[in-house]
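# Chains, contacts and geometry: an overview
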Amino acid sequence: SLQAAVGAAANLCELSVISSDPGAEAQPTHCDTSYQGAAADVAIGRLVSVFVALQDITAEMGPTQVWPRTHGREEHSLLSLQPKSDFPAVLRDRPTELALLRTGDALLMDSRLWHRGGANKSRSRRSLLVLSFVSSEG
């Protein structure tokens, strides 16, 4: 649950919509925050984003792709050693999940998790409401 992830006194720090138009290319694989510059990450506390589907998200729409268990310090250390690219080689053999969501479904994601939005090969815009919460505990 969100409360378990960031605590009862979490603060809303982002409210936005992410949209991907038909024909949009996949995003580079990334994390929204990292352990590089850890002092800044610790100072703000844990950041969790909630992605809410504003319509059914199909595979053709380029759903968010996540690499489970890549949000830890050890994984970030491994990834920081990789040459800069749109898709770090160390992720190629790791299991991945596609966020195939129904309207109103929500995906909770630690901001340090490696992820990307996929290529939108459909004829429909993909839109997600994004709410990010930061823990008030460091």
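All right, on to the confidence of the model for the protein then. With 86% of its residues at a pLDDT of 70 or more, the protein shows a mean pLDDT of 86. A low-confidence stretch, residues 38-43 stays under pLDDT 50, and its non-local contacts, those more than four residues away or across chains, total six contacts.

As a further point, take the sheet that holds strand 5 (residues 106-110). Taken together, the four strands give an open sheet; going across it, the order is 1-7-2-5, and neighbouring strands pair in antiparallel fashion. The open sheet terminates on both sides in strands that have one partner only, identified here as strand 1 (11-20) and strand 5. Neighbouring strand axes in the sheet, compared pairwise and without regard to direction, differ in orientation by 20 degrees on average. Sheet topology note: the strand 2 (residues 47-53)/strand 5 ladder contains five bridges and is antiparallel. Considered in strand 5, the bridge of S49 is made with M109.

Looking now at the side chain of S111. Within the secondary structure, S111 is located in the loop between strand 5 and strand 6 (115-117). The contacts of S111, once residues within four sequence positions are left out, are C31, D32, T33 and L47.

Moving on, we get to the pattern of salt bridges. Pairing is possible between side chains of opposite charge, provided their charged atoms come close. Here the structure, examined in full by the defined rule, presents four salt bridges. The shortest N-O distance in the salt bridge between R46 and D110 comes to 3.0 Å. Placement of R46 in the loop between helix 2 (38-44) and strand 2 and of D110 in strand 5 is noted, with a sequence separation of 64 residues between them. The partner of R112 in a salt bridge is D110, and the shortest N-O contact between them spans 2.8 Å. By relative accessible area, R112 is classed as buried at 18%. Classification of D110 as buried rests on a relative accessible area of 9%. Residues joined by salt bridges that share partners form a network here, namely R46, D110 and R112.

With that settled, the discussion passes to unusual backbone geometry. Although it is not a glycine, R69 sits at a positive phi angle of roughly 60 degrees. Turning to its location among the elements, R69 is positioned in the loop between strand 3 (64-66) and helix 3 (73-80).

This brings us to the nonpolar core. Listed in full, the 11 residues of the largest apolar core are F51, A53, I57, V66, A99, L101, L107, M109, L113, L128 and V130. Not counting chain neighbours up to four residues away, the residues in contact with L107 comprise S49, V50, F51, A99 and L101. Among the nonpolar cores identified, the runner-up in size contains six residues, and V6, V50, L131 and F133 belong to it.

So, how was this worked out
Residues numbered from 1 in each chain as written. Predicted model: local features only at pLDDT ≥ 70, side-chain atom pairs only at ≥ 80, totals over all residues. Heavy atoms only, no water. pLDDT = per-residue confidence, 0-100. Contact = heavy atoms within 4.5 Å. Pairing = 2+ DSSP bridges. Helix = DSSP H or I, 4+ residues; strand = E, 2+ residues; numbered from the N terminus. Axes fitted to C-alpha atoms, helices over the stretch in contact; angles between N-to-C directions. Salt bridge = Lys/Arg side-chain N within 4 Å of Asp/Glu carboxyl O. Buried < 20%, exposed > 50% of the residue type's maximum accessible area, 1.4 Å probe, protein only. Core = buried A, V, L, I, M, F, W, Y, C linked by side-chain atoms within 4.5 Å.

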